[in-house]
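Chains, contacts and geometry: an overview
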Amino acid sequence: MTPDQTPPTDATHAGMCEPCAAVQQNWRRAPGHAELVQGANRKELRGEKTVTVTRYRCDHCGTVWDYENNKANQHAGWSVVPRRA
Ligand SMILES: [Zn+2]
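Heads up: these notes are all about the structure in this document. This is a predicted model, so every value here is computed, not measured.

Quick word on unusual backbone geometry
- Positive phi, normally seen in glycine, also occurs at Asn 26, with a value near 55 degrees.
- Position of Asn 26 among the secondary structure elements: in the loop between helix H1 (18-22) and strand E1 (36-46).
- The class of Asn 26 is partly exposed, set by a relative accessible area of 39%.
- Positive phi values are uncommon outside glycine, yet Arg 29 reaches one of about 65 degrees.
- The exposure class of Arg 29 is exposed, given its relative accessible area of 67%.

Let's talk about the nonpolar core
- Formed by Met 16, Cys 17, Cys 20, Val 23, Ala 30, Leu 36, Tyr 56, Cys 58, Cys 61, Trp 65, Tyr 67 and Trp 78, the largest nonpolar core amounts to 12 residues.
- Within the residue set of this core, elements represented by two or more residues are strand E2 (49-58) and strand E3 (64-69).

As for the coordination of the zinc ion
- Donor atoms from the polypeptide that coordinate the zinc ion comprise Cys 17 (SG), Cys 20 (SG), Cys 58 (SG) and Cys 61 (SG), at 2.2 to 2.3 Å from the metal.
- Around the zinc ion sit 4 donor atoms; with metal-centred angles ranging over 103 to 114 degrees, the donor geometry is tetrahedral.
- Binding-site remark: the zinc ion is held by donors from one chain whose sequence spacing is C-x2-C-x37-C-x2-C.
- Cys 17 sits in the buried class, given a relative accessible area of 8%.
- When its relative accessible area of 0% is taken as the criterion, Cys 20 is described as buried.

Quick look at the sheet that holds E1
- Spatial ordering of the open sheet is given by E1-E2-E3-E4, a layout of 4 strands whose pairing is antiparallel. Strands at the two margins of the open sheet, each flanked by one partner only, are E1 and strand E4 (78-80). The sheet shows a mean angle of 25 degrees between the axes of neighbouring strands, direction not considered.

Topic: the pairing of E1
- Direction of pairing for E1 relative to E2: antiparallel, over a ladder of 9 bridges. Across the sheet, Glu 44 pairs through a bridge with Val 51, a residue of E2.
- Counting the residues that bridge the hairpin from E1 to E2 gives 2 residues, and of these Gly 47 lies at a positive phi of roughly 65 degrees.

Criteria and cut-off values
Residues numbered from 1 in each chain as written. Predicted model: local features only at pLDDT ≥ 70, side-chain atom pairs only at ≥ 80, totals over all residues. Heavy atoms only, no water. Helix = DSSP H or I, 4+ residues; strand = E, 2+ residues; numbered from the N terminus. Buried < 20%, exposed > 50% of the residue type's maximum accessible area, 1.4 Å probe, protein only. Core = buried A, V, L, I, M, F, W, Y, C linked by side-chain atoms within 4.5 Å. Donors = N, O, S within 2.8 Å, 3.2 Å for Na, K, Ca; no water. Tetrahedral: all angles 85-135°; square planar, octahedral: opposite > 155°, others 65-115°. Pairing = 2+ DSSP bridges. Axes fitted to C-alpha atoms, helices over the stretch in contact; angles between N-to-C directions.

So, in structure tokens, the structure goes:
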């Protein structure tokens, strides 16, 4: 008896596979998923502190992710890297 629920047309999730769409973004220590392949690390400055950001790429749908390991920020974590044209 539930009406049809149209999923929100969220540009962030466009073209993503289901496991990618399920990754909780911007939340510290949220898990990724099994098909994310780890890439390079880099250091980025957040205020006065340096954090480590790790690049991942989904083997399934090609979505590129950054994972920021920042103990000082509960809302640092997974974020989608916008595709460049
Ligand atoms: Zn994916």
